[in-house]
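The residues making up each chain are set out below.
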Amino acid sequence: FNPARAARLINNRIYDESLPTVQEVIDTTLARTWKASPPPGAYRSEIHRAVDNVALYHLMILATDPQSPAQAAAIAFSKIDQLRRWLEERVPSVTDEPQRAHFQYAVALIQRYQADPAKFVVPAPQPTPPGAPIGTAEYWLPGMVWEGER
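Residues numbered from 1 in each chain as written. Predicted model: local features only at pLDDT ≥ 70, side-chain atom pairs only at ≥ 80, totals over all residues. Heavy atoms only, no water.

Attention now goes to the pattern of salt bridges. Under the definition given, this model contains eight salt bridges. When the shortest N-O distance is used, the salt bridge between Glu-24 and Arg-13 registers 3.9 Å. Of this pair, Glu-24 sits in helix H2 (residues 22-32) while Arg-13 sits in helix H1 (residues 3-15), and the two are eleven residues apart along the sequence. Of the residues examined, Glu-24 reaches a relative accessible area of 38% and is grouped as partly exposed. Of the charged contacts, one joins Arg-49 and Glu-46 as a salt bridge, the two residues approaching to 2.7 Å between their closest N and O atoms. In this pair, Arg-49 and Glu-46 both sit in helix H3 (residues 42-64), three residues apart, roughly one turn of the helix. Look at Glu-46 and you get partly exposed, because its relative accessible area is 45%. Ionic contacts of the salt-bridge type, sharing partners, join the residues Asp-81, Arg-84, Arg-85 and Glu-88 into one network. (Salt bridge = Lys/Arg side-chain N within 4 Å of Asp/Glu carboxyl O. Helix = DSSP H or I, 4+ residues; strand = E, 2+ residues; numbered from the N terminus. Buried < 20%, exposed > 50% of the residue type's maximum accessible area, 1.4 Å probe, protein only.)

Printed below as a string of structure tokens:
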């Protein structure tokens, strides 16, 4: 959710109504992240949750970035509130404990953000640790070197 790209979406939509709106882009992103069912398996579910968080962080940044067009920031702020309400409605029915915790944490994060967006520091996603992922050594071909092991 880049402010310059959001501005282009707004401006381009003025001239061509067949192009997507900022709302449609955000709605599609949230539908494929937060609102999509997590894939089966713990590994894939954790990846899905990490992607959810990145989408939320970038949406929060779009809503507060001084470079964001006012309309894009307003839409992002509204979509954050809509997501919070959607999550609150679903928390009681989520039976998977890690997923329920994920939703509860997101609600708390959004509430802190909404209390004072100017003071809220959007947590940056964690960088990928160096080295090969655990359990992948048997898949490497002879002579292959994992980035950073040279």
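Back to the text.
Turning our eyes to something else, we now look at H3. One turn of an α-helix holds 3.6 residues; hence residues three or four places apart share an orientation. For H3, spanning 23 residues, the distance from its first C-alpha to its last is 33 Å, which sits close to the expected 33 Å at 1.5 Å a residue. Residues of H3 that are buried include every one of Ser-45, His-48, Arg-49, Asp-52, Asn-53, Ala-55, Leu-56, Tyr-57, Leu-59, Met-60, Leu-62 and Ala-63, and no others. The inward-facing, buried residues of H3 abut H1, H2, helix H4 (70-90) and helix H5 (97-115). (Expected span 1.5 Å × (residues − 1). Contact = heavy atoms within 4.5 Å.)

Now for the packing of H3 against H5. Where H3 meets H5, the closest approach of the two axes is 11 Å, and the angle between their N-to-C directions is 10°. The pairing of H3 with H5 is recorded here as roughly parallel in orientation. Contacts between H3 and H5 involve Glu-46, Arg-49, Asp-52, Asn-53, Leu-56, Tyr-57, Met-60, Ala-63 and Thr-64 from the former and Pro-98, Gln-99, His-102, Ala-106, Leu-109, Ile-110 and Tyr-113 from the latter. Tallied by class, residues from the contact of H3 with H5 come to nine nonpolar, four polar and three charged. (Axes fitted to C-alpha atoms, helices over the stretch in contact; angles between N-to-C directions. Parallel < 35°, antiparallel > 145°, perpendicular 65-115°, else oblique. Nonpolar A, V, L, I, M, F, W, Y, C, P; charged D, E, K, R; others polar.)

Between H2 and H3, whose axes approach to 10 Å, the crossing angle comes to 155°. The angle between the axes of H2 and H3 places the two elements in the roughly antiparallel class. As H2 packs across H3, the resulting crossing turns out to be left-handed. Residues Ile-26, Thr-29, Leu-30 and Arg-32 of H2 touch H3, and the partners they reach there are His-48, Ala-55, Leu-59 and Leu-62. Considered class by class, the residues forming the contact of H2 with H3 number five nonpolar, two polar and one charged. (Left-handed = near helix turned anticlockwise from the far one by under 90°.)

Moving on: the nonpolar core. With 28 residues, the main nonpolar core has Trp-34, Leu-56, Met-60, Leu-83 and Leu-87 as its most contacted residues. Mapped onto this core, the elements with two or more residues apiece are H2, H3, H4 and H5. (Core = buried A, V, L, I, M, F, W, Y, C linked by side-chain atoms within 4.5 Å.)

Further remarks concern the environment of Asp-52. Along the chain, Asp-52 turns up in helix H3. Taking the relative accessible area as the measure of exposure, Asp-52 reaches 0% and is therefore buried. Spatially, the C-alpha atoms of Asp-52 and Ala-36 are 9.6 Å apart, while their sequence positions differ by 16 residues. Discounting chain neighbours no more than four positions away, the residues touching Asp-52 are Thr-33, Trp-34 and His-102.

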